[in-house]
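# Per-entry structural report
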Amino acid sequence: MTIPARFTEPADTTVEAPPKAKRKAAVRREVGRSIPRLESHAKVDGSAEYIYHLRLPGMLQGKICRSTVPHGRIVRIDASAALAIEGVHAVITGEDIRTLIPDPYYGPAFHDQPILAIGKVRYVGEPVAVVLAADLHVAEEAADQVVVEYEPLEPVFDEVAATKPGAPIIHDSLRPAGMFPDLQYLKGRSGTNVALDARVLHGDVEKGFAEADQVFENVFRSRKVVHATFEPTVSLAELNGSNGLTIHTSSQSPSYVRAEVSRLLGWPENRVRVRTAFLGGSFGAKLYIKLEALVAACALLVRKPVRIGLTMEEEFYTITKHGATVRIKTGMAKDGRIVAREVETWWNGGAYADIGPRVSQKSGFTAAGPYDIENVSLINYAVYTNDPPAGALRGFGISQIVWAYECQNDIIARSLGIDPLEFRRRNILHDGRPHATGTIMTNAEIDEVLDRLSDRMHWDVLFDHGSGPVRRGRGLAIGFKACIAPTTSVAVVNVYGDGSCCVSCSTVDMGQGSDTAMAQIAAETLGISTETVRVIHPDTDVTPYDMATLGSRSTYHMGNAVRLAAEDARAQLLRIAAATLQTDIEELEYRDGAVISRSGARMTMRGLMLARFGMQAGTVIGMGTFTPPYTKPDPRTGQSPQITPYWMLAGAAAEIEVDTETGRIRVTKLVNVGDVGCAINPAIAKRQLNGAGTMQLGFTLFEEMRFNEGQVINASLADYKIPGMLDVPEDLSAELVEFPHEHGPFGAKGVGETGMFSVSPAIANALCDAIGVRIMELPLTPERVLRAIRESENRPLESE
Amino acid sequence: MVTVTINVNGEKRTASVPPETTLLRLLRDDFNLTGSKLGCDVGDCGACTVIVDGKAVNSCLMLAAQADGRDVLTIEGLATMDRLHPIQKAFEKYASLQCGFCGPGVIMSAKALLDENPDPTVQEIRDALGGNLCRCTGYVKMIEAIQDAARILRDEPVEINR
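Residues numbered from 1 in each chain as written. Chains lettered and ligands numbered in written order. Predicted model: local features only at pLDDT ≥ 70, side-chain atom pairs only at ≥ 80, totals over all residues. Heavy atoms only, no water.

### Structural notes on the overall build of chain B
Where we set the bar: Starting at the N terminus, helices and strands are each numbered in turn, a helix being any DSSP run of H or I of at least four residues and a strand any DSSP run of E of at least two. As defined in this context, the radius of gyration uses C-alpha atoms, and a globule is described by 2.2 Å times the residue total to the power 0.38. By definition, residues are in contact when any of their heavy atoms lie within 4.5 Å. The accessible surface values rely on the Shrake-Rupley method and a 1.4 Å probe; as for residues, cover is taken only from the protein chains in view.
Scanning chain B from N- to C-terminus turns up 5 helices and 5 strands. Written out in order from the N terminus, the α and β elements of chain B read β-β-α-β-β-β-α-α-α-α. Computed over C-alpha atoms, the radius of gyration of chain B comes to 15 Å, within 12% of the 15 Å expected from 2.2 N^0.38 for 162 residues, which places it in the range of a compact globule. Seen through its principal axes, chain B has C-alpha atoms that stretch 45 × 30 × 25 Å. Counting only contacts in chain B whose residues sit at least 6 apart along the sequence, the fraction spanning at least 24 positions is 57%. When the accessible surface of chain B is split by element, carbon and sulfur atoms take 47% of a total near 6,300 Å².

If you want it as structure tokens, here you go:
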């Protein structure tokens, strides 16, 4: 077995040809270079900084005592046995937190989640108390000795059942958080488990179905899966002088953490400092508030530094991907065009909303797919259940939705006898046409994505399906996402007296390579080399506001802010030179730390500093703020002329082998194509696609959180398998579609999530191509596949 | 408490620790060698891999006391002040890592493999590193880097005087 040569990428120093730019066609020196990450040396010698390593003098370690029931009232908490253990400093409960924070409920969508449970628990694993001790082993031992007595309440776990009349109600009432502008439409509610029902209505779907020649209706399900980041979620808090607090945390959203912890404490934001380092993976697990409010409250209560780091098992009880049930109904015309589509989705948000309403609404409005459909109705329910909370996981729900529409599209294509690729071509939503939200599609290169998939798969060549017990199949799928809006990024570019430069921004490098991308953008703008730029890691005392590192938004939003900040710094330097040289700014260019005029005059950095500050030292500070335009959708119809700053288009195709005697699928080839606008760093962008594809491969073939009455019964990497080296397809490849986005920094769009979208349906479609069996529920485990095979042969296996 | 003396990266170091202390906690908490990562802490992810007497082990599954008197090589002992080991260089050149948290463990497993088998096939690399999980990359660039480092090491072996 060998890794095919096609995986190789351009040598690291290659300058790729600039794409068909619509802006001034300058030759680019820094953007488009596949340079290694700036921090790669620190990552190979083991010295890279992660918050998990941090120890503070005199700190206490916290161990969380967690709920053992999925739904119940807390009758009493008895900490006496725990407190009797030598070395235990304190046991903190929800009531203790209330002495400091009278209303200790947090959340980005609803203020529904208590820092520690108060009066009631809503899922197995919910934090109920924290034991603090200098020695972690002591804290762990004592946490087992905290006795909590519960009066059990009836739980509900299924997202559809939880919406039915008579279902147990998980939250008595809901209070919208009001923090993010895209969630302003959330309303206070009571007596329901549905946190949000978001609708998109386009055309007349009833009329569409009435006029259709054929109607297809299916239900697709995705099970809950988990991020399983390798650096455990960790936060530390320490008192900072007499009235401040510093939180060191493995967070993707330091600006949000500062705002939310300040709000909880009733403090001004400038008294809370939040800093991060590199994150050892995140994928949406480390967004909003996770442990930050808890360590902050503990540190303030005991007046000592407090650290809490989760175990891998606890990660399964902290945040998950949404399980989802998707009912999709599609009306077809005889000529293979989709004329109506109705999608109803129930999102299993677990016990606390976290960012579930955004997942439901944002993914929900794309649920008809990147297709031109006259009549569309989309309904999304964000549902509370007694599962662990669900939030963002690399795509904010998109892969659950694409799973439904791309599987059904294949069902329809096969039923109508149309080639699956041709079926998609006939229905594509082209640039200039309105999406179901009313927003006109632009800069969405879906045709090109399909062409590349077709080329890579040699789709027009007859495919050998094999014979005997192992059969072969191939499948493809496309998907898309609208980037979140509206959001803001702010950046500062600092040019020092010697011409070297730092970029200050609150984008978190969690492995996606944002430090390198931001340095490349600053370097390109300032005419210096990327390797000389330093990117300062998020520290809310130093780095300006950013909405968060999420949703593939950083390259576009922060990239634009960094570009603007660098342009601002450059303009200031040019103004200094213009005044000194008494020439027009247009005559001047800043490059390699000097200003050069067309007439040949040159001012070095030394000269610029002398001119500005009267000595050879000083700082020129450029600032950039970027907020793309957005129009709020009509709450009744979901219509908006401007729903998103950009669309991310993706396609995947797979060749598989399936053993019909065991049900095991082996993916032999996986191609991932992403429309990235323009890649700031092509090698890093391709690695994002391949990494995402591999992660989604796990979600497709074997990853599944298994529950028994709310208890996760496979909460370890021994029982919950993620892809290892032996699981990766022999032929794994990624391809970038590069047409510059008119408003992206140097044409770039986001790419972090793109490789996730289409992998699952591509593999399920390949399975159907191989053996004619259609599976409607993820993951495609050998057992599920074998059951489906035996079912199709009318000799079903015994049920479990 | 037990007293443990190990030869770590060529230096004899001693600590007195509770008997349940793992080698990983000894390295990280007592010797401040945080290059070896704590990921799952139960032997599933491989981020804590170090080399003990020439063999790659999950240091979270070995008690500190079991390492008493033995030679332990960690990621910090692989490079010299001014020079990365060829495996590290290859990982940098191929940009094999993303978040980097699994990296030291992967590199130490690769080192143990190449010490035993200087010319591994792709399948042998996959078998040897099957226990080193990574959530970010898709692994392909790691395999290429290990092959490249193997080529370089065959031409010009690196002795680590530990």
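Picking up after the structure, the text goes on.
### Focus: the overall build of chain A
Under the convention used in this document: Accessibility here uses a 1.4 Å probe with only protein chains present; expressed as a share of the type maximum, an area under 20% marks a residue as buried, one over 50% as exposed, and anything in between as partly exposed.
Helix and strand counts for chain A stand at 18 helices and 32 strands. Relative to the compact-globule value of 28 Å for 800 residues, chain A shows a C-alpha radius of gyration of 27 Å, a close match. Over its C-alpha atoms, taken along the principal directions, chain A stretches across nearly 90 × 70 × 55 Å. Looking at the 800 residues of chain A, the share that counts as buried comes to 66%.

### Some points on the side chain of Glu-445 of chain A
Mapping Glu-445 of chain A onto the fold places it in the loop between helix H11 (420-427) and helix H12 (446-457). Once you skip the residues sitting within four places of it in the chain, Glu-445 of chain A turns out to touch Leu-649, Asp-675, Val-737 and Phe-739 of chain A.

### Remarks on the nonpolar core
A general trend in soluble globular proteins is that nonpolar side chains are found buried together. The condition is simple: What we call a nonpolar core is a set of buried Ala, Val, Leu, Ile, Met, Phe, Trp, Tyr and Cys residues that are connected through their side-chain atoms within 4.5 Å.
Counting residues in hydrophobic clusters, the biggest one holds 256 residues, and the most contacted among them are Val-493, Val-495, Ile-665 and Ile-763 of chain A together with Phe-91 of chain B. For this core, the element with the most residues is helix H14 (residues 554-581) of chain A, which contributes 12 residues. Excluding its chain neighbours within four sequence positions, the residues that come into contact with Ile-665 of chain A are Ile-656, Glu-657, Val-658, Leu-701, Ile-763, Leu-767, Leu-780 and Val-785 of chain A. Formed by 21 residues, the second largest nonpolar core is a distinct cluster that contains Ile-74, Ala-117, Ala-142 and Ala-143 of chain A.

### Description of the confidence of the model for chain B
Test applied: The pLDDT score gives, residue by residue, the confidence of the prediction method on a 0 to 100 scale.
Per-chain confidence: chain B averages 95 in pLDDT, with 99% of residues scoring 70 or above. What the predictor reports for the complex is a pTM of 0.95 with an ipTM of 0.97.

### Describing helix H9 (residues 356-364) of chain A
All names here are of chain A. Most of H9 sits out of view: 9 of its 9 residues are buried. When we look at burial in H9, the residues that qualify are Gly-356, Pro-357, Arg-358, Val-359, Ser-360, Gln-361, Lys-362, Ser-363 and Gly-364. Against the buried residues of H9 lie strand S11 (194-202), strand S18 (338-348), strand S19 (375-383) and helix H10 (398-416).

### Details of the pairing of strand S24 (residues 588-591) of chain A
Residue and element names in this part refer to chain A. Note the threshold: Note: two strands are recorded as paired if DSSP finds a minimum of 2 bridges between them.
Only one face of S24 is buried, namely the one carrying Leu-588 and Tyr-590, since none of Glu-589 and Arg-591 on the opposite face is buried. Here S24 runs beside strand S25 (residues 594-597); their pairing, made up of 4 bridges, is antiparallel. Looking at the pairing, Tyr-590 lines up with Val-595 of S25. In this antiparallel pair of consecutive strands, S24 and S25, the connection spans 2 residues, and Asp-592 shows a positive phi of 50 degrees.

### A word on the interface of chain B and chain A
Let me state the cut-off plainly: Computed with a 1.4 Å rolling probe, the buried area is the accessible surface lost when two parts are put together, summed over both parts. For this analysis, a salt bridge means a side-chain nitrogen from Lys or Arg found within 4 Å of a carboxyl oxygen belonging to Asp or Glu. Throughout this description, a polar contact denotes any pair of N or O atoms lying within 3.5 Å of each other; where both atoms belong to protein, one of them has to be capable of donating a hydrogen while the other can accept it, and for residues adjacent in sequence the pair is counted only when both atoms sit in side chains. For this classification, Asp, Glu, Lys and Arg are treated as charged, while Ala, Val, Leu, Ile, Met, Phe, Trp, Tyr, Cys and Pro are nonpolar and the rest, including Gly, are polar.
On the chain A side, the residues contacting the 47 residues of chain B number 56 residues. Together chain B and chain A conceal approximately 4,400 Å² of surface at their shared face, both sides included; 62% is due to carbon and sulfur atoms. Counting the surface chain B buries against chain A, the share from its top three residues, Gln-98, Arg-126 and Arg-135 of chain B, is 21%. Viewed at the interface, chain A and chain B are joined by 2 salt bridges. With its nearest N and O atoms 3.3 Å apart, the salt bridge here joins Arg-55 of chain A to Asp-29 of chain B. Where chain B meets chain A, there are 21 residue pairs in polar contact (both at pLDDT 80 or more). A per-class count over the side of chain B that touches chain A returns 24 nonpolar, 10 polar and 13 charged.

### Notes on the environment of Asn-348 of chain A
Residue and element names in this part refer to chain A. Note that Asn-348 resides in strand S18. Contacts of Asn-348, omitting those with residues within four sequence positions, involve Phe-157, Glu-159, Lys-224, His-322, Gly-323, Val-383, Thr-385, Asp-387 and Ala-390. Looking at Asn-348, its side chain comes within polar contact range of the side chain of Glu-159, at 3.2 Å. Polar contacts involving the side chain of Asn-348 include one to the main-chain amide nitrogen of Gly-350, which spans 3.2 Å.

### A closer look at the pattern of salt bridges
Residues and elements named next belong to chain A. Tallying each qualifying case throughout the model produces 63 salt bridges over all chains. Asp-158 serves as the salt-bridge partner of Arg-221, at 3.4 Å between the closest nitrogen and oxygen. Here the residue Arg-221 occupies a position in strand S12 (residues 214-222), and Asp-158 occupies one in the loop between strand S8 (147-152) and strand S9 (173-174), the gap between them amounting to 63 residues. By relative accessible area, which is 30% here, Asp-158 ends up partly exposed. Where salt bridges share partners, they join Arg-223, Glu-704, Arg-706, Glu-777 and Arg-784 into one cluster.

### Here we look at the domain arrangement of chain A
You'll often see interface size given as the accessible area lost when the parts meet. Residues and elements named next belong to chain A. Definition in use: These domain boundaries are the output of an automatic or database domain assignment.
Once the domains are mapped, chain A shows domain 1 (51-155 + 243-303), domain 2 (320-485 + 633-792) and domain 3 (487-626). A separation of 39 Å is found between the C-alpha centroids of domain 2 and domain 3. Contact with domain 2, which involves 24 residues of that partner, is made by 21 residues of domain 3. Between domain 2 and domain 3, the buried area comes to about 1,600 Å², and carbon and sulfur atoms account for 66% of it. For the domain 2 face of the interface with domain 3, the top three residues by lost area are Ile-680, Pro-745 and Phe-746, together amounting to 33%. For the pair domain 2 and domain 3, the interface holds 0 salt bridges. At the boundary of domain 2 with domain 3, the tally comes to 6 residue pairs in polar contact (both at pLDDT 80 or more). Class assignment of the residues belonging to the side of domain 2 that touches domain 3 gives a composition of 13 nonpolar, 7 polar and 4 charged.

### Structural notes on the sheet that holds S8 of chain A
Residue and element names in this part refer to chain A. Spatially, S6-S2-S8 is the arrangement adopted by the 3 strands of the open sheet, whose pairing is antiparallel. Bordering the open sheet on either side are strand S6 (120-121) and S8, each of which pairs with just one other strand. Alignment of strand S2 (residues 72-78) against S6, held across 2 bridges, turns out to be antiparallel. Counterpart to Gly-72 in the pairing with S6 is Val-121.

### What to know about empty space enclosed by the protein
Residue and element names in this part refer to chain A. Rules: Of the grid points, spaced at 1 Å and generated over the protein atoms alone, those admitting a 1.4 Å probe that cannot get out make up cavities, while open sets with protein on both sides within 12 Å along at least five of seven lines make up pockets; any residue with an atom within 4 Å of a point is treated as lining. Grid points are joined across faces, edges and corners, and a volume is the space filled by probe spheres set on the points.
Counting across every chain of the model gives 10 cavities of 30 Å³ or more. Forming the walls of the largest cavity are 39 residues, and the residues nearest its centre are Gln-512, Ser-552, Gln-688, Val-751 and Gly-752. Looking at the lining of the largest cavity, its residues break down into 16 nonpolar, 19 polar and 4 charged. Within this model, the second largest cavity holds a volume of roughly 250 Å³. Of the residues contributing to the lining of the second largest cavity, the split by class is 17 nonpolar, 2 polar and 4 charged. Counting the residues that make up the lining of the second largest cavity, at least three belong to each of domain 1 (51-155 + 243-303) and domain 2 (320-485 + 633-792).

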